[in-house]
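Overview (structure and organization)
Spelled out from the first residue to the last, the chains are:
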Amino acid sequence: MSIDKTHKKIAIHKLVNENGISIDFQNLGGIISSIKTPDRNGKLSDIILGFEAPNQYLEEHPYFGAIVGRFANRIAHGKFTLEGKEYSLAQNNGTNHLHGGLSGFDKVFWEVEPLENENGIQISYTSKDGEEGYPGNLSITVDYVLTDDNTLKVKYQAHTDKTTVINLTQHSYFNLSGDFSNQILDHELLLNADQYLPLDDTQIPLGNYQSVVGTPFDFSTPKTIGKDIGAKDRQLKIGNGYDHCWVINNPNNEIVKAAQVFHPDSGRTMDVYTDQPGMQLYTANFLDNTLPSKTGGTYGPRSGFCLETQHFPNAPNEPIFPTTILKPGDMFASETWFQFSVK
Ligand code: BGC
């Protein structure tokens, strides 16, 4: 963990829409530190895990709300080869590389500008050639837009001056109950995916696509996150729960509805749309009640879930996975939308 704390101060930017939904963003890590949405009775609550005090984001935490890159999730042994050259990255998760390294995009200060024609902000960052071991000066912008149909749109763009790899995601932890002492096991989840990526013991994909049919990984019709999470299953044991990437049904690489989550008690619903091939569902398996919660107490296992739209983990070392290579002259462009409603 290394944040240059002397450099800049955390600044908070707020977006509000005509229905009273509000979202707070930080220049540090592009972190979303609050999303307030109404329940079915109109009561607003914060549905994002994080901290009350902004300075707490300068300390160790599990990527709460952050933009993750240059490569989200794991790269086996922190090594990959590109155009005949081997690159070595930090092994910051056992022997693997996780979420961009020791000082990934979650730990840097981004420039923030308001967007001119939309209710939004644009954050930008240039990752230097060699930063965290990755080749190429990579310039990234992320637009955060809040629309009046209650959608948070996250639009990524990037370009490089040397061939590199890129995989960006938004790492917010949601709990639609708005009370983080409640586990998320009662949330009903639908994933638009017939296959997922099974993992080895170090959480690197084995390299095959596995059908979800007849497994605890089948969310192709809605079921609660808790229904099968305790099943006797080798893959669930490896992740200590769900910590896997689903292969979104999206043959034409369009923006499709990839997930829907419904919390029966509050009525809150969230639909996730994306053009990315993968969706990492992480059920906060490694939260261990050491970090203070915004609603009192501490964050425990299953106190939130992440739906991380992304390319597949370890893609630089798996030729059958969709490519994550970005070349000079090409533009990386991707969108993910989180739409909030009540039922
Ligand atoms: C990963 C988990 C990891 C977590 C860190 C998730 O995206 O899939 O394995 O522990 O991030 O907070």
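Residue positions are given per chain, counting from 1 as you read along its sequence in written order. Whole-chain, interface and lining totals are the exception, using all residues; otherwise, since this is a predicted model, local features are given only for residues with pLDDT of at least 70 and side-chain atom pairs are given and counted only at 80 or more. Calculation of side-chain values draws on the structure's entire complement of heavy atoms; hydrogens and water are dropped beforehand.

So, about the overall build of the protein chain. Scanning the protein chain from N- to C-terminus turns up one helix and 26 strands. Here the globule rule reads 2.2 Å times residues to the power 0.38, and the radius of gyration is calculated from C-alpha atoms. Against the globule reference of 20 Å for 343 residues, the protein chain gives a C-alpha radius of gyration of 19 Å, in line with a compact fold. Based on the C-alpha atoms only, the size of the protein chain along its principal axes is roughly 60 × 50 × 40 Å. Every residue pair with non-hydrogen atoms within 4.5 Å of one another is taken to be in contact. The contacts of the protein chain with a sequence gap of at least 6 include a subset with a gap of at least 24, amounting to 68%. Just so you have it, the protein chain exposes about 13700 Å², and 48% of that area is on carbon and sulfur atoms. For the protein chain, the distance from the average site of its 27 positive side-chain charges to the average site of its 41 negative ones is 4 Å. Elements are defined by DSSP. Helices are runs of H or I of four residues or more, strands are runs of E of two residues or more, and each kind is numbered from the N terminus. Per-residue accessibility takes into account occlusion by the displayed protein chains alone, with areas from the Shrake-Rupley method and a 1.4 Å probe. Just so you know, the count uses Lys and Arg for positive and Asp and Glu for negative, and it drops His and the chain ends. Note that the charge is assigned to NZ on lysines, CZ on arginines, CG on aspartates and CD on glutamates.

Let us look at the site of the ligand. Near the ligand lie 13 residues; those nearest to it are R74, H99, H171, D243 and E308. Polar contact is the term for a pair of N or O atoms within 3.5 Å; when the atoms are in protein, one must be able to donate a hydrogen and the other to accept it, and sequence-neighboring residues count only if both atoms are side-chain atoms. With respect to the ligand, the backbone of P62 contributes an N or O atom lying 3.3 Å from an oxygen atom. Taking H99, its side chain carries an N or O atom lying 2.9 Å from an oxygen atom of the ligand. Calculation on the ligand without its partners gives an accessible area of 310 Å², and the protein chains cover 94% of this total. Class assignment for the residues of the shell around the ligand results in five nonpolar, five polar and three charged. Note on terminology: near, applied to a residue and a molecule or strand, indicates that one of the residue's heavy atoms is within 4 Å of it. Ten residue types, Ala, Val, Leu, Ile, Met, Phe, Trp, Tyr, Cys and Pro, are classed as nonpolar, four, Asp, Glu, Lys and Arg, as charged, and the remainder, Gly among them, as polar.

Let us now look at the environment of Y242. When you line up the elements, Y242 lands in the loop between α1 (234-239) and β20 (243-248). Since its relative accessible area comes to 0%, Y242 is described here as buried. For the pair Y242 and S293, spaced 51 residues apart in the sequence, the C-alpha separation amounts to 22 Å. Apart from residues lying up to four places away in sequence, Y242 is in contact with P216, F217, F219, K223, I225, D228, I229, L236, L281, Y282, T283 and N285. The buried label goes to any residue with under 20% of its type's maximum accessible area, the exposed label to any with over 50%, and the partly exposed label to all in between, with areas taken from a 1.4 Å probe on protein chains only.

Turning to its location among the elements, A259 is positioned in strand β21 (residues 256-262). When its relative accessible area of 1% is taken as the criterion, A259 is described as buried. Sequence separation of A259 and Y273 is 14 residues, and the distance between their C-alpha atoms is 7.0 Å.

As a further point, take the pairing of strand β23 (residues 278-282). Consecutive residues of a regular strand have side chains that alternate between opposite faces of the sheet. A large share of β23 lies buried, amounting to five of its five residues. Alternating residues of β23 divide into G278, Q280 and Y282 and M279 and L281, and every residue in both groups is buried. Strands pair, by our definition, only if DSSP identifies at least two bridges between them. Across five bridges, the pairing between β20 and β23 is antiparallel. Within the sheet, the bridge partner assigned to H244 lies in β23 and is L281. As paired strands, β23 and strand β24 (residues 306-310) are joined by five bridges and run antiparallel to one another. Each bridged residue has a counterpart across the sheet, and for G278 the counterpart in β24 is Q310.

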